[in-house]
Amino acid sequence: MRTNNATLAAIRNLGILAHVDAGKTTVTERILYATGTTHKRGEVHDGTTVTDFDPQERDRGITIFAAAVSCAWDGHRINLIDTPGHVDFADEVERSLRVLDGAVAVFDAVAGVEPQSESVWRQADRHGVPRIAFVNKMDRAGADLGRAVESIRQRLHPVPLVVQLPIGAEDGFTGVVDLVRMRSLVWADGAGTAVEGPVPESLGEEAVRRRRALEETVAELHPAALEEFCERGTLSAGTLAATLRDLTRTGDGVVVLCGSAYRNRGIEPLLDAVVAYLPSPLDVPAVRGAHDGTEEERAADPEVPFAGLVFKVNASSTGRLAYVRVYAGTVEKGDTVWNPGTGRTERVARILRVMADRHVQLERAVAGDIVALAGVKSARAGSTLCDPGAPLLLEPPVAADPVVSVA
Ligand code: GDP
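How each quantity is defined
Residues numbered from 1 in each chain as written. Predicted model: local features only at pLDDT ≥ 70, side-chain atom pairs only at ≥ 80, totals over all residues. Heavy atoms only, no water. Salt bridge = Lys/Arg side-chain N within 4 Å of Asp/Glu carboxyl O. Buried < 20%, exposed > 50% of the residue type's maximum accessible area, 1.4 Å probe, protein only. Core = buried A, V, L, I, M, F, W, Y, C linked by side-chain atoms within 4.5 Å. Helix = DSSP H or I, 4+ residues; strand = E, 2+ residues; numbered from the N terminus. Contact = heavy atoms within 4.5 Å. Phe/Tyr/Trp six-rings, centres within 6.5 Å; stacked < 30°, edge-to-face > 60°. Pairing = 2+ DSSP bridges. Axes fitted to C-alpha atoms, helices over the stretch in contact; angles between N-to-C directions. Near = heavy atom within 4 Å. Polar contact = N/O pair within 3.5 Å; in protein donor to acceptor, adjacent residues only side chain to side chain. Areas by Shrake-Rupley, 256 points an atom, 1.4 Å probe, with all protein chains shown as cover. Nonpolar A, V, L, I, M, F, W, Y, C, P; charged D, E, K, R; others polar. Expected span 1.5 Å × (residues − 1).

A. Fine view of the pattern of salt bridges. Under the criterion given, the structure shown has 26 salt bridges. Salt-bridge contacts for Arg288 lead to Glu295; the nearest nitrogen and oxygen are separated by 2.6 Å. A relative accessible area of 55% places Glu295 in the exposed class. Through salt bridges that share partners, Asp178, Arg181, Arg183 and Glu196 make up one connected network.

B. Quick look at the nonpolar core. Core analysis: the largest hydrophobic core is formed by 40 residues, its most contacted members being Val27 and Leu244. Among the elements that take part in this core, helix 10 (residues 267-277) stands out by supplying seven residues, more than any other. Apart from the residues lying within four places of it in its own chain, the contact partners of Leu244 are Leu161, Val163, Val180, Leu214, Val218, Val255 and Tyr277. Listed in part, the 28 residues of the second largest apolar core include Ala103, Val129, Phe311 and Tyr323.

C. Local environment of the packing of aromatic side chains. A full pass over the atoms with the stated rule returns two aromatic pairs. Both rings, one in Phe107 and one in Trp121, keep their centres 6.1 Å apart while their planes meet at 50 degrees; by these two values the pair is tilted. Taken together, the positions of Phe107 in strand 4 (residues 102-108) and Trp121 in helix 5 (residues 115-126) put the pair 14 residues apart, joining distant regions of the chain. For Trp121, a relative accessible area of 3% translates into the label buried. Taking 6.2 Å as the distance between ring centres and 55 degrees as the angle between the ring planes, the aromatic pair formed by Phe311 and Tyr323 counts as tilted. One end of the pair, Phe311, is in strand 14 (residues 307-316); the other, Tyr323, is in strand 15 (residues 319-328), with 12 residues separating them in the sequence. A single burial state applies to Phe311 and to Tyr323, both of which are buried.

D. Region of interest: the sheet that holds strand 6 (residues 160-162). What the seven strands build is an open sheet, ordered 2-3-1-4-5-11-6; its pairing is mixed. Each edge of the open sheet carries a strand with a single partner, namely strand 2 (68-73) and strand 6. When strand polarity is set aside, the average angle formed by the axes of neighbouring strands in this sheet is 30 degrees. The pairing of strand 1 (residues 11-18) with strand 3 (residues 76-81) spans five bridges and is classified as parallel. Its bridge partner being in strand 3, Ile11 is matched across the sheet by Arg77.

E. A look at the site of the ligand. Neighbouring the ligand are 16 residues; Asp21, Lys24, Thr25, Thr26 and Asp139 lie closest to it. Separating an oxygen atom of the ligand from a side-chain N or O atom of Thr26 is a distance of 2.5 Å. Burial of the ligand by the surrounding chains reaches 78%, relative to a free accessible area of 580 Å². Counting residues per element, the shell around the ligand draws most heavily on helix 2 (residues 24-34), at three residues. Tallied by class, the residues present in the shell around the ligand amount to five nonpolar, six polar and five charged.

F. Main features of helix 5. Here helix 5 is 12 residues long and its end C-alpha atoms lie 17 Å apart, about the 16 Å a rise of 1.5 Å per residue gives. Where the residues of helix 5 are buried, they touch strand 1, helix 4 (90-99), strand 4, strand 5 (131-136), helix 6 (145-156) and strand 11 (254-258). Following helix 5 by one or two positions, Gly128 adopts a phi angle in the positive range, close to 65 degrees.

G. Up close: the side chain of His76. If you trace the backbone, His76 turns up in strand 3. On the accessibility criterion, His76 (18% relative accessible area) is buried. From its side chain, His76 meets the backbone oxygen of Asp74 in a polar contact 2.8 Å long. When neighbours within four sequence positions are excluded, His76 is seen to be in contact with Ala9, Ala10, Arg12, Cys71 and Val275.

H. Spatial organisation of the pairing of strand 15. With eight of its 10 residues buried, strand 15 lies for the most part within the structure. Judged from the nine bridges that link them, strand 14 and strand 15 form a sheet pairing that is antiparallel. The partner of Ser316 across the bridge, within strand 15, is Gly319. Direction of pairing for strand 15 relative to strand 22 (residues 370-374): antiparallel, over a ladder of five bridges. The residue of strand 22 that forms the bridge with Tyr323 is Ala372.

I. Expanded view of the sheet that holds strand 8 (residues 175-178). Read from one edge of the open sheet, four strands run 7-8-9-10, paired in antiparallel fashion. With one partner strand each, in any of the chains shown, strand 7 (164-167) and strand 10 (195-197) form the two edges of the open sheet. Shown here is a sheet whose adjacent strand axes are inclined to one another by a mean of 25 degrees, direction ignored. With four bridges connecting them, strand 7 and strand 8 associate as antiparallel partners. Directly across from Gln164, in strand 8, lies its bridge partner Asp178.

J. Quick look at the environment of Gly253. Mapped onto the secondary structure, Gly253 falls in the loop between helix 9 (237-250) and strand 11. Sequence-wise, Gly253 and Leu221 are 32 residues apart; in three dimensions their C-alpha atoms are separated by 8.4 Å. Contact partners of Gly253, with chain neighbours within four places excluded, come to Val159, Leu161, Leu247 and Thr248.

Below you can see the structure in the form of structure tokens.
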């Protein structure tokens, strides 16, 4: 079976970055729910949240952390890579940032930017990870999208591209106006899928004003959009969406959405934005490495020799699993791979895709994908695995900032 570019273009290797308590677990859980990966609703407080525990392990009372969970949305595969929010795991954050192509930064609509959101944001900056911001907890007393966006602008310095206008506030937060399509999305209690309709009359003028401001902002940043804006005095929804995608991928702007993960509001538009704006493995630079003093780049192409990076190793009911980002080539079940760090060759016994509620066995994994390998015993977090006939040691992740203590 050959893998074509269309398949790679439909992969999103995604991380969720947040200050502890901003709602990362709840957002992740709702994503898995919305994508149908899990049909049971897990709540954080009762310990049934699917990303915190491998369900197979959970049954046996062993708690382990799944490093990556795959799900599907709108013809795309989203590999959700766990990124610890806690500063104590700085190395782990570095490794996960290295293997993902895009991220959703979750903020609390009351607290705005908090210290840990700032540190992971800076780490993501260093890795050049394109981001979308999700202002969560819009249902909380004191929630204020405008203030949260201002705090993002002032403390993190991106150009915020706010693509939604909330409908209702705090307890009465019921939906959003999608400023790209100029439609409203309203959620019924408990429902993840919004009812779409026209922009409510009471918000009509404000929606037009904000859409206009968004067009002006993107036109200033993007020459092609500026041309259309100058010629026609406005931007079509198609041009606006394409421009938002370009600006996200270059890091010149950060699309901002809002919602309430707890109330299951805003998750589907967030998934739509992940698919529309964040890059696929084809859109990011080729991986770099070296062998015998010679530097080499290897493209995200299934046909070139295999090279992958192990970013986490853990135990599961199916044995020791090495989570790998396949950067180049194809790795097949039964293949022999080389670990340049240890000088050992090893056989890939099994290739697994970890879904929220089960492991799926694969015959092969190709460039761009994230899978778990069983059998590669010498692999550690940070190890390269490659084709023994075409050795390559991948560049290590960018070093973490030195810890600065403030007296
Ligand atoms: P994490 O530490 O970032 O993973 O955050 P959690 O997902 O564990 O959420 C922290 C707390 O905030 C939990 O008590 C959640 O129930 C709560 N929470 C998460 N999302 C929302 C939300 O949209 N609205 C409100 N009011 N609470 C939320």
